[in-house]
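# Coordinates in review
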Amino acid sequence: MIRIEGATVAYRGRAALRDVSLHIGAGERVAIIGPNGAGKSTLLRLVAGLLAPATGSVELGGERVDRLDRLAVARRLAVVPQLPTLPFATSVEEVVALGRLPHEHPVRGMRPGDRAAVAAAIERVGVGHLLGRDARELSLGERQLVLLAMAVAQAAPILILDEPTVHLDLRHQVEVMELVGDLNARDGTTILAVLHDLGLAAHFFPRLVLLDRGRIVADGSPAEVLTPERVREVFGVDPEFVRLRAPR
Ligand code: ADP
Ligand code: MG
């Protein structure tokens, strides 16, 4: 589903990803973890076709992402970005409806199926109480949920999330993780999420990919990846801080 081969990315000559290869199959649920600046967001941008690698290649469903136009990418993959900035004055329902743009009819615009998908996404993410509000006035956590609803409405086979829980209280963190799990288990959506919380990652994701200074240093189950030595080496903290709970 997602295939990265030997990708190197540099920003103004400074490498952010070095020779990264990663294969993610359809229906997988994968969390990217690693310290600040490790290259996690860069990896997501690479998969979304938002930046091109200096070397190597990225394929989505067997097609090179750099040969797909934005609309074709948007039908394959939905992105929940890290910093929820909303560019213009819009109601919550208008933001969620943006998720239907890749599906809309070029002349007739939103059709009944699109409206149903928007309503279903609002219901599923639980943002019905925010309808009618100006999206710019929402708290960061509320914006994060609205952008998640937009991505759900997009109904793409791949969902990419960049730290989707940073602005959320604990209850909403767990609810978002459960929703992502449900999209994966029930809808078969392939999930690739950057998570800063190792506990949430280990609890909700069967496969973790650990990035450190632009390289993949471990890839496997939470128990395989989050060994005490690695937690100490890569994160520089006492492994006691990362107690693994049994994954679902
Ligand atoms: P992470 O998401 O793991 O915290 P990023 O992928 O955002 O890391 O960044 C990886 C490295 O690339 C960091 O050193 C960061 O400062 C640098 N970087 C990220 N985006 C840019 C950019 N637009 N221009 C220059 N450097 C960048
Ligand atoms: Mg980041």
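Scroll up to find the structure.
Residues numbered from 1 in each chain as written. Chains lettered and ligands numbered in written order. Predicted model: local features only at pLDDT ≥ 70, side-chain atom pairs only at ≥ 80, totals over all residues. Heavy atoms only, no water.

### As for the overall build of the protein
Definition in use: The helix and strand labels rest on DSSP assignments: H or I over at least four residues marks a helix, E over at least two residues marks a strand, and numbering proceeds from the N terminus. C-alpha atoms define the radius of gyration, and 2.2 Å times the number of residues to the power 0.38 defines the globule rule. We call a residue buried when its accessible area falls under 20% of the maximum for its residue type, exposed when it is over 50%, and partly exposed in between, using a 1.4 Å probe and counting protein chains only. Contacts were defined at the residue level, with two residues in contact if any of their heavy atoms lie within 4.5 Å. Areas reported as accessible are Shrake-Rupley estimates using a 1.4 Å probe. Residue values count occlusion only from the protein chains shown. Just so you know, the count uses Lys and Arg for positive and Asp and Glu for negative, and it drops His and the chain ends. For charged residues, the charge sits on one atom: NZ in Lys, CZ in Arg, CG in Asp, CD in Glu.
Looking only at helices and strands, the protein features nine helices and 10 strands. Expected size for 248 residues packed as a compact globule is a radius of gyration near 18 Å; at 18 Å, the protein falls within 12% of this value. When the backbone C-alpha atoms are referred to their principal axes, the protein occupies close to 55 × 40 × 35 Å. For the protein, the residues scored as buried account for 50% of the 248 residues in total. For the protein, restricting intrachain contacts to residue pairs at least 6 apart in sequence, the fraction spanning at least 24 positions comes to 65%. By element, 52% of the accessible surface of the protein is carried by carbon and sulfur atoms, the whole surface being about 12,000 Å². Distance from the positive charge centre (30 side chains) to the negative charge centre (30 side chains) of the protein: 4 Å.

### Here we look at helix α6 (residues 170-187)
Because an α-helix completes one turn every 3.6 residues, residues spaced three or four positions apart along the sequence face the same direction. Keep this limit in mind: Expected span, for any helix, means 1.5 Å times one less than how many residues it has.
If you check α6, its first and last C-alpha atoms are 25 Å apart, about what 18 residues at 1.5 Å a residue would give, namely 26 Å. Those residues of α6 that sit buried are His172, Gln173, Val176, Met177, Leu179, Val180, Gly181, Leu183 and Asn184. In the stretch just after α6, glycine 188 is the one whose phi turns positive, near 75°.

### Here we look at the pairing of strand β8 (residues 190-194)
This is how it is decided: Two strands are said to pair when DSSP picks up at least two bridges between them. Convention used here: a crossover is right-handed provided that the path from the first strand, over the helix, to the second strand proceeds clockwise when the strands point away from the viewer.
Here β8 lies mainly inside the structure; five of its five residues are buried. Of the two faces of β8, both are covered, the one formed by Thr190, Leu192 and Val194 as well as the one formed by Ile191 and Ala193. Bridge count for strand β3 (residues 29-33) against β8 is four bridges, and the pairing is parallel. Note on β8: the bridge partner recorded for alanine 31 is alanine 193. Crossover connection from strand β7 (residues 158-162) via α6 to parallel β8: handedness right-handed.

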